[in-house]
Amino acid sequence: MTEHTALVVGASRGLGLGLVEEYLSRGWRVVATVRDDAGEAALQELPGADRLTVERADVADDADIARLAQHISKPLDLLFINAGVMGPSDMVSAAPDEIARVMHVNAFGPARLAWALVDKVVEGSGVVAFMSTGMGSIADNTSGGYDIYRASKAAQNMLARSLWIGPGQARGLAILSVNPGWVKTDMGGPGASIDVPTSVKGIADQIAAHAGKPGHRFIGWNGRELPW
Ligand SMILES: NC(=O)c1ccc[n+]([C@@H]2O[C@H](COP(=O)([O-])OP(=O)(O)OC[C@H]3O[C@@H](n4cnc5c(N)ncnc54)[C@H](OP(=O)(O)O)[C@@H]3O)[C@@H](O)[C@H]2O)c1
């Protein structure tokens, strides 16, 4: 059987940790990134952790991205950039450096990481997934609120499109901007509509369905296509 390898960026907790658990349960090799020892602890408890390698990376740090790229020696069937932050809820009162931080962590950091690693993603069948959100859809924004977060994820969607137009298309990759649903995590809160296992199973099924189908799509965990 061919062994598959995934890199999950931002895997200490929530959806990232869930994605690592899901791919290990599917028999994949997984490289997972965290930012500190506390982030690594939960990963090492997962069943199948003998197929897991843990790396340190802050998605907004270019030196971390360069080191991560150097450490990835096996071809990647999946590069999944999950790391993200909500940031301040009110755009008008937020400090400019807080706004810049959210934009870097959610949009430009993931895009720069993707450009640094895209050559390692398997030509023809590889997938690059960005954790987006329904809140990043301009067409679906009928309520407003959380504008910094919304804008950062809309920017991420745009940067994912440019990745597709450049190396994504040249390498025949599927580039996915993924809405995980409203999920019970530290970010989603306890009142969210679905749990992590439900979301990550749906996402992994969608990734399997899109592998080998080059293009850039904005899809939900349940396969629903989202309007840009
Ligand atoms: N939960 C939802 O309902 C929902 C809905 C739509 C989209 N999303 C998206 O899904 C992704 C995961 O969210 P979640 O709900 O699992 O949130 P979470 O529980 O708050 O986890 C966020 C993850 O991102 C990591 N992270 C944050 N800043 C980072 C940085 N600068 N560099 C590297 N890693 C960083 C965190 O690592 P540390 O532990 O080191 O902080 C953690 O692993 C995010 O992109 C989020 O926007 C979530």
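These remarks concern the structure in this document.

Thresholds applied
- Residues numbered from 1 in each chain as written.
- Predicted model: local features only at pLDDT ≥ 70, side-chain atom pairs only at ≥ 80, totals over all residues.
- Heavy atoms only, no water.
- Helix = DSSP H or I, 4+ residues; strand = E, 2+ residues; numbered from the N terminus.
- Rg over C-alpha atoms; globule rule 2.2 N^0.38 Å.
- Contact = heavy atoms within 4.5 Å.
- Lys, Arg positive; Asp, Glu negative; His and termini not counted.
- Charge placed at Lys NZ, Arg CZ, Asp CG, Glu CD.
- Buried < 20%, exposed > 50% of the residue type's maximum accessible area, 1.4 Å probe, protein only.
- Salt bridge = Lys/Arg side-chain N within 4 Å of Asp/Glu carboxyl O.
- Polar contact = N/O pair within 3.5 Å; in protein donor to acceptor, adjacent residues only side chain to side chain.
- Pairing = 2+ DSSP bridges.
- Right-handed = clockwise from strand over helix to strand, strands pointing away.
- Core = buried A, V, L, I, M, F, W, Y, C linked by side-chain atoms within 4.5 Å.
- Near = heavy atom within 4 Å.
- Areas by Shrake-Rupley, 256 points an atom, 1.4 Å probe, with all protein chains shown as cover.
- Nonpolar A, V, L, I, M, F, W, Y, C, P; charged D, E, K, R; others polar.

### With respect to the overall build of the protein
Here is step 1 of the chain: Helix and strand counts for the protein come out as six helices and seven strands.
Here is step 2 of the chain: When the helices and strands of the protein are read in sequence order from the N terminus, they spell out β-α-β-α-β-α-β-α-β-α-β-α-β.
Here is step 3 of the chain: For 228 residues, the compact-globule estimate of 2.2 N^0.38 gives 17 Å, and the C-alpha radius of gyration of the protein, at 16 Å, lies within 12% of that figure.
Here is step 4 of the chain: Projected onto its principal axes, the C-alpha coordinates of the protein cover approximately 50 × 40 × 35 Å.
Here is step 5 of the chain: In the protein, of all internal contacts separated by at least 6 residues, the share reaching a separation of at least 24 is 65%.
Here is step 6 of the chain: Here the protein holds 20 positive side-chain charges and 25 negative ones, and the gap between their average locations is 5 Å.

### Some remarks on the environment of Val127
Here is step 1 of the chain: Structurally, Val127 is set in strand β5 (residues 127-131).
Here is step 2 of the chain: For the pair formed by Val127 and Ile207, sequence separation is 80 residues and the distance between their alpha carbons is 7.2 Å.
Here is step 3 of the chain: Not counting residues up to four positions away in its chain, the partners in contact with Val127 are Asp77, Leu78, Leu79, Val121, Ala174, Leu176, Ile207 and Ala211.

### Observations concerning the side chain of Arg150
Here is step 1 of the chain: Position of Arg150 relative to the elements: it lies in helix α5 (residues 147-170).
Here is step 2 of the chain: Among buried charged residues, Arg150 stands out as having no salt bridge; its nearest opposite-charge side chain is Asp147, 4.5 Å away.
Here is step 3 of the chain: There is a polar contact of 3.4 Å between the side chain of Arg150 and the backbone oxygen of Met135.
Here is step 4 of the chain: Among the polar contacts listed, one links the side chain of Arg150 to the side chain of Ser143, at a separation of 3.3 Å.

### A short note on the pattern of salt bridges
Here is step 1 of the chain: Considering all chains together, one arrives at 11 salt bridges under this definition.
Here is step 2 of the chain: Across the salt bridge formed by Asp58 and Arg35, the nearest N and O atoms sit 3.5 Å from each other. A residue pair is termed long-range when its members are at least 10 positions apart, and Asp58 in the loop between β3 (52-56) and α3 (62-71) and Arg35 in the loop between β2 (29-34) and α2 (37-44) qualify at 23 residues.
Here is step 3 of the chain: The class of Asp58 is buried, set by a relative accessible area of 18%.

### Things to note about the pairing of β2
Here is step 1 of the chain: Of all six residues in β2, five are buried, a share of seventy percent or more.
Here is step 2 of the chain: The pairing of strand β1 (residues 5-9) with β2 spans five bridges and is parallel. Residue Ala6 lies in a different strand from β2, and its bridge partner there is Val30.
Here is step 3 of the chain: Handedness of the β1-helix α1 (residues 14-25)-β2 crossover: right-handed.
Here is step 4 of the chain: One ladder, built from five bridges, connects β2 with β3; its direction is parallel. Residue pairing in the sheet places Thr33 in a bridge with Glu55 of β3.
Here is step 5 of the chain: In this fold, the crossover linking β2 to β3 by way of α2 has right-handed handedness.

### Brief notes about unusual backbone geometry
Here is step 1 of the chain: One non-glycine residue with positive phi stands out, namely Tyr146, at about 50°.
Here is step 2 of the chain: In this fold, Tyr146 is placed in the loop between β5 and α5.

### Let's talk about the nonpolar core
Here is step 1 of the chain: By size, the foremost hydrophobic cluster in this structure holds 34 residues, and its most contacted members are Val20, Leu43, Leu52, Leu78, Phe80 and Ile207.
Here is step 2 of the chain: Breaking this core down by element, the ones donating at least two residues are β1, α1, β2, β3, β4 (78-81), β5, β6 (174-179) and α6 (196-210).
Here is step 3 of the chain: A per-element tally of this core places α1 first, with six residues.
Here is step 4 of the chain: In this structure, Val9, Val31, Leu68 and Ala160 belong to the second largest nonpolar core, which totals 27 residues.

### A short note on the side chain of Thr5
Here is step 1 of the chain: Among the structural elements, Thr5 can be located in strand β1.
Here is step 2 of the chain: Judged by its relative accessible area of 6%, Thr5 falls in the buried class.
Here is step 3 of the chain: Sequence-distant contacts of Thr5, defined by excluding residues within four places in its chain, comprise Trp28, Arg29, Lys74, Pro75, Leu76, Asp77 and Leu78.

### Concerning the site of the ligand
Here is step 1 of the chain: In the region of the ligand, 29 residues are neighbours, and Ser12, Arg13, Asn82, Tyr149 and Thr185 sit closest.
Here is step 2 of the chain: With respect to the ligand, the side chain of Arg35 contributes an N or O atom lying 2.8 Å from an oxygen atom.
Here is step 3 of the chain: Interatomic distance of 2.8 Å between a backbone N/O atom of Asn82 and an oxygen atom of the ligand.
Here is step 4 of the chain: For the ligand, whose unbound accessible area comes to 890 Å², protein coverage reaches 93%.
Here is step 5 of the chain: If you list the elements that add at least two residues to the shell around the ligand, you get α1, α4 (96-117) and α5.
Here is step 6 of the chain: Tallied by class, the residues present in the shell around the ligand amount to 13 nonpolar, 10 polar and six charged.

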